[in-house]
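This is what each chain is made of:
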Amino acid sequence: MSNPATQIVDLKSQASVKAIKTLLTIIILTSICILGFSSRLFAVIRFESIIHEFDPWFNFRATKRLTEHGFYEFLNWFDERAWYPLGRIVGGTVYPGLMLTAGLMHSLSNFLGFSVLIKDVCVFTAPLFSGLTALSTYLLTKELWSEGAGLFSAAFISIAPGYISRSVAGSYDNEGIAIFALQFTYFLWIKAMKSGSIMWATFCALSYFYMVSAWGGYVYIINIIPLHIFVLILIGRFNLRHYTAYTTFYTIGQLCAMNIPFVGFQPIRTSEHMASFGVFGFVQVIAFFGYLKHNLGQQKMKRLFWIFSLLVFALGLAAIIFLTASGIVAPWSGRFYSLWDTGYARIHIPIISSVSEHQPTTWTSFFFDLHVLVAVFPAGLWLCVQQYDDARVFLIIYGVFSAYFAGVMVRLMLTLTPIVCILAAIVFSELFNRYVSSSPPPAESEEDESSPNPTEEELAVANQLRSIVCILLVMILFMFGTHCTWVTSNAYSSPSVVLSTQNRDGSRNILDDFREAYYWLRTNTPDDARVMSWWDYGYQIAGMADRSTLVDNNTWNNTHIAMVGKAMASNEDKAYEIMQELNVDYVLVIFGGVIGYSGDDINKFLWMVRIAEGEHPDEIKESNYFTPQGEYKVDSTAPKTFTESLMYKTSFYRFGEVDHGDINGPHGFDRTRNTEIGVKDIKVRGFYLLISHTISKLKHIEEAFTTENWLVRIYKVKPRKNSDGLIFQNIKSKKFKR
Amino acid sequence: MIIHSLLFAAAFAAKAKMLVVLENERQKNEYATVLNQLNEKFETYYKLADDADLHLVKYGKNLYQNAIIMAPSTEEFGGDVKTKTFVDFTQNGGNLMVFASSNIGDAIRELGAEFGIEYDETGTKVMSHQLYDFERDALNHDHSRFQLKASESFLGGSQPIVGPAGYAGLLIDNAVAMKIDKKNTLAFPIVKCNSYCYSWFPNEPITEYPMAVGRDITLVAGIQLRNNARIAFFSSMSMFSNKLIRQKFITYWNNDKNEHAREQNSVNKFSMHVFGWATNNSGTFRIAVFKHNLVDKENQRNDFYYINEEIEVTAIVQEHVEDNWEPASLLFENLWLDFHRLDPFVRMQFENQGGGKFTAKFKVPDTYGVFNFIVWQTKLGHTYLEHKEQITVRPPRHDMYERFIASAYPYYFSSFSMMLGVTLMSFAILYHRDVSPAKKNN
């Protein structure tokens, strides 16, 4: 640029700079949205447009129901195919936000003349919302820090693997839209508490309502915002604006929340919501005293105020404890306890800890999911502490709590990601502010220095240093981008319904066993057939095979799950009794021994045993399934209780005949556990007999279908024998005395 | 050949087929009375036990509906008939009657074992020194032809099996003792010995405890498999011979009165009823119609119910009488219904409307879920009646609850009054000028 141009500072050029800035912002945000959307498409490109994993299958099924039968049918939907024979009231046990959003998008696009399959709408919902998330993160950060930080944070959130893991195309789950709602609610909250306007607070409450309708994680909001207010009170910065914002938000928000059938009266009846309720009351007291103080004068009030507010606080706490103890307010749920005590779930509620995403997070996954962001996150936190104001206190609280919760459960990495993106964005934005700008460093720092104006030489060195720092920063960001893309493509873009393996020449091999099995079920079994499987596959069976299941991923009834666990862990006779009682027609197990798929039922089996033991401690004992050395093994050292269990038999039935095409390798070699299985059928092979200590024969069930790679095995439960009850004697062994 | 048999089958479609396996041709005459009874009711086929052309099951299908094995001393069956064949035959729904005798052969012994019936050794006989045939056996000790009084030996009298009461007694002859395994839940005795009986080699000293004595000895046993195939085991064959059926009385020595006395023989009646039962011609029922619907006549929905609705279940039970299904007779008195979801929520008796029609009315329990109507009735001598029907019980729709509840009116009032209050107050605040500043100025 020429000298005169920079020197001329008039209103006109300022306006044009502003226009360019706006244009740039729009372009950048648009490209961020496009980037976020397209980097989530790996799964669709590699595989196909398909719903992923487990829960999304239920959401998809529910959405289909919604679009086919309308809202009221959806609201009153009693799903008789789930939890046989208990059934499930879907309308009242689901967060309907996701289905309604997708249903709305579907009908809107159809109204506009784009006929789109509901499946495709569902598949692309999460990527679409990732763009909105980026926008709302931009707004939030801009509100809290600066526009530059906002752009950075939008860019970060759009590609951060921690968020991508839940929002790739096909991952049609609540979290996909909930993170947007979360960020947007926070943005509106900051807006409301800064301005003290009833309008913004109402918008915030409405956004909170959307969040409540979408995800159980709304509890996070309803605890963080009161906490923000509470901290503001403690540090003495509470004012009327905050009062207006909070009371408006709380009343409207909770009233709205109670209109979600699944939430119902929880906001006034469960401990999770009591903090917000308490703060609401506390705020009233403080406002009242503020009013009194205003009228009576400062000195008189001070003592009265503290005594009274402490009294009210203590009384409120006592009341809550009393109500909880007397059962009017529900105590904290198990999931909530496990947030504080990581060992709690393992001991008391195995069903929670049996889910891999409820395990404590390893430090590697912090880096894996956030890369450089997690490293600069503390710096961002420090910047906020250093330059704190009413609104930034929120960032600090949000950051600290999210970091804690993310450490407890892998799943909550999701709530950590946005705040990490924001704080890291603040850091990067500050760094670039400091080092990129060609203008001399800010005046204040110059004043501190003892020496007068820096020499030209010093300026040159500073310029060089600046450029080196900038280059380094850009390189780091570049690596971050590469890492994100790599993680997205390799770790988070597998539908898990379809598996793929890589051949030696690099070509890919698609394993479509799950759909093969579900399709078989759909076409070859009676419409009302009941399929027993471990709960992980309940939603998939209902979604893809359209058959009744006993238990599914909505793990609301532990007793029922324990019943299935007991059947799987018992020997065939006992299992048969249970299956008869539950009218089971088919048994479905996942077996990875042939291809080395580690997420199979044998590896999950110990959880089945534990859950069954929790309900039937005198019949199922975990220790009975270990070798004397206390190991969990499938080879010949496996104890009899294990090898005779339904799970072992159904998994390894006829597996002894499999030889993997390797002449020297043993038959029945389990590739998942890298051992030769202990119990095989008797089989003559080559010169020698392979005889195991028992013969695995099936008595009450028969193999009905096994997929190409043995991944899914389906057994049919045989009806009771006609002669069951007759005693067949072996005449040959009878001895006559004379 | 096939066409021929098809035509044949068509012509006599009404009659069930029965295979009669004999030991020798002579038996046709010896047992003419019994066999004629069968000839009337069935399309009978006679085969010898060692006939190379003896078949029961072909390509997994039964060739006959009924089979009667009157070949006690057979060591091995001809054709492809093995012990296992009889099991397959009954598993496929065929009815079987097996006759034994004191000269029992291995084939029958194994057949019995297959169904949980144990025979005493070959050569042993069931004997009783109480009412033995005085005319025949006064001088020897082989008292294997004896009279069994109905009052002390018959099974509690399941009507479908033995017919109405009025039996005098049975003349037992040359029987081999049978025992039913205690754990055998499907087999039951039809005729038991009285407590005077024992089983041993005739005219030989008893050197050890006999296999069975007294009431342990079963003379006629019945089995009903879960598919309602019926099997009857008879321990004596000759008691059904012409000679003994015709012998209406037996002369015995009455110790009390020190004189000869006579006792009646009802074997003819017995054979008629037991054969009828064993060939599924008595005590055979089915649920022909099972339907359920709302009691509400205007709304006859029956594909699902809401909780607490009144519903009505109707079942029509039919009886198999001479190859026809007719409304169940009075013999079939009652029927029970379960409304079941893991546990029976409702268990009640149907109301017998006569003519085999049963109805039950009840209120669906206040629990939603997938329920089953279950009828599962087992009664000695009757076929097992089983019926299961799945039905969904739903919670009420959102608009099925009361819209305005009387007890909620205070709340309605309070909310509306509050709305009014807020409006008035804001009006007052907005338009009310405070006069205090003016006072201050003063």
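Residues numbered from 1 in each chain as written. Chains lettered and ligands numbered in written order. Predicted model: local features only at pLDDT ≥ 70, side-chain atom pairs only at ≥ 80, totals over all residues. Heavy atoms only, no water.

Per an unreviewed UniProt entry, chain B is named Dolichyl-diphosphooligosaccharide--protein glycosyltransferase 48 kDa subunit, and its organism is Oikopleura dioica. For the record of chain B, the UniProt heading Subcellular location (unreviewed entry) holds the text "Endoplasmic reticulum membrane". For chain B, the Sequence similarities (unreviewed entry) comment in UniProt is given as "Belongs to the DDOST 48 kDa subunit family." (UniProt positions renumbered as here; feature names shortened; annotations may be inferred.)

Under the annotation held in an unreviewed UniProt entry, chain A carries the name Dolichyl-diphosphooligosaccharide--protein glycosyltransferase subunit STT3B and is attributed to Oikopleura dioica. Quoted verbatim from the Catalytic activity (unreviewed entry) field of the UniProt record, the comment on chain A reads "a di-trans,poly-cis-dolichyl diphosphooligosaccharide + L-asparaginyl-[protein] = N(4)-(oligosaccharide-(1->4)-N-acetyl-beta-D-glucosaminyl-(1->4)-N-acetyl-beta-D-glucosaminyl)-L-asparaginyl-[protein] + a di-trans,poly-cis-dolichyl diphosphate + H(+)". Taken from UniProt, the Subunit (unreviewed entry) comment for chain A reads in full: "Component of the oligosaccharyltransferase (OST) complex. There are 2 OST complexes, OST-A and OST-B, which contain STT3A or STT3B as catalytic subunit, respectively. OST-A and OST-B contain common core subunits RPN1, RPN2, OST48, OST4, DAD1 and TMEM258, and OST-B contains either MAGT1 or TUSC3 as specific accessory subunit."

## A closer look at the domain arrangement of chain A
Looking at the assigned domains, one finds that chain A contains domain 1 (189-331) and domain 2 (512-717). Computed from C-alpha atoms alone, the centre-to-centre distance between domain 1 of chain A and domain 2 of chain A is 51 Å. (Domains from an automatic or database assignment.)

## Quick word on the interface of chain A and chain B
Taken residue by residue, the interface counts 31 residues in chain A and 41 residues in chain B. Between chain A and chain B, the buried area comes to about 3,300 Å², and carbon and sulfur atoms account for 52% of it. The interface formed by chain A and chain B holds one salt bridge in total. Notably, a salt bridge pairs Glu73 of chain A with Arg397 of chain B, separated by 2.8 Å at the nearest N-O pair. At the boundary of chain A and chain B, one finds six residue pairs in polar contact (both at pLDDT 80 or more). In terms of residue count, helix α5 (residues 71-75) of chain A provides more of the side of chain A that touches chain B than any other element does, three residues in total. When the residues that make up the side of chain A that touches chain B are grouped by side-chain class, the tally is 13 nonpolar, seven polar and eleven charged. (Contact = heavy atoms within 4.5 Å. Buried area = accessible area lost by both parts, 1.4 Å probe. Salt bridge = Lys/Arg side-chain N within 4 Å of Asp/Glu carboxyl O. Polar contact = N/O pair within 3.5 Å; in protein donor to acceptor, adjacent residues only side chain to side chain. Helix = DSSP H or I, 4+ residues; strand = E, 2+ residues; numbered from the N terminus. Nonpolar A, V, L, I, M, F, W, Y, C, P; charged D, E, K, R; others polar.)

## A look at the UniProt feature "domain: STT3/PglB/AglB core" (unreviewed entry) in chain A
Residues given the UniProt feature "domain: STT3/PglB/AglB core" (unreviewed entry) here are residues 530-587 of chain A. With 52% helix and 12% strand, residues 530-587 of chain A has its two end C-alpha atoms placed 9 Å apart.

## Here's the deal with the packing of aromatic side chains
Residue and element names in this part refer to chain A. Under the criterion given, the structure shown has 76 aromatic pairs over all chains. Aromatic side chains Phe156 and Phe428 sit 5.6 Å apart centroid to centroid with 70 degrees between the ring planes, which places their arrangement in the edge-to-face category. Of this pair, Phe156 sits in helix α8 (residues 147-159) while Phe428 sits in helix α23 (residues 413-436); the two residues are 272 residues apart in sequence, bridging distant segments of the chain. For the pair Phe156 and Phe428, one class covers both residues: buried. Where Phe180 meets Phe184, the ring centres are 5.6 Å apart and the plane angle is 20 degrees; that geometry is what we call stacked. (Phe/Tyr/Trp six-rings, centres within 6.5 Å; stacked < 30°, edge-to-face > 60°. Buried < 20%, exposed > 50% of the residue type's maximum accessible area, 1.4 Å probe, protein only.)

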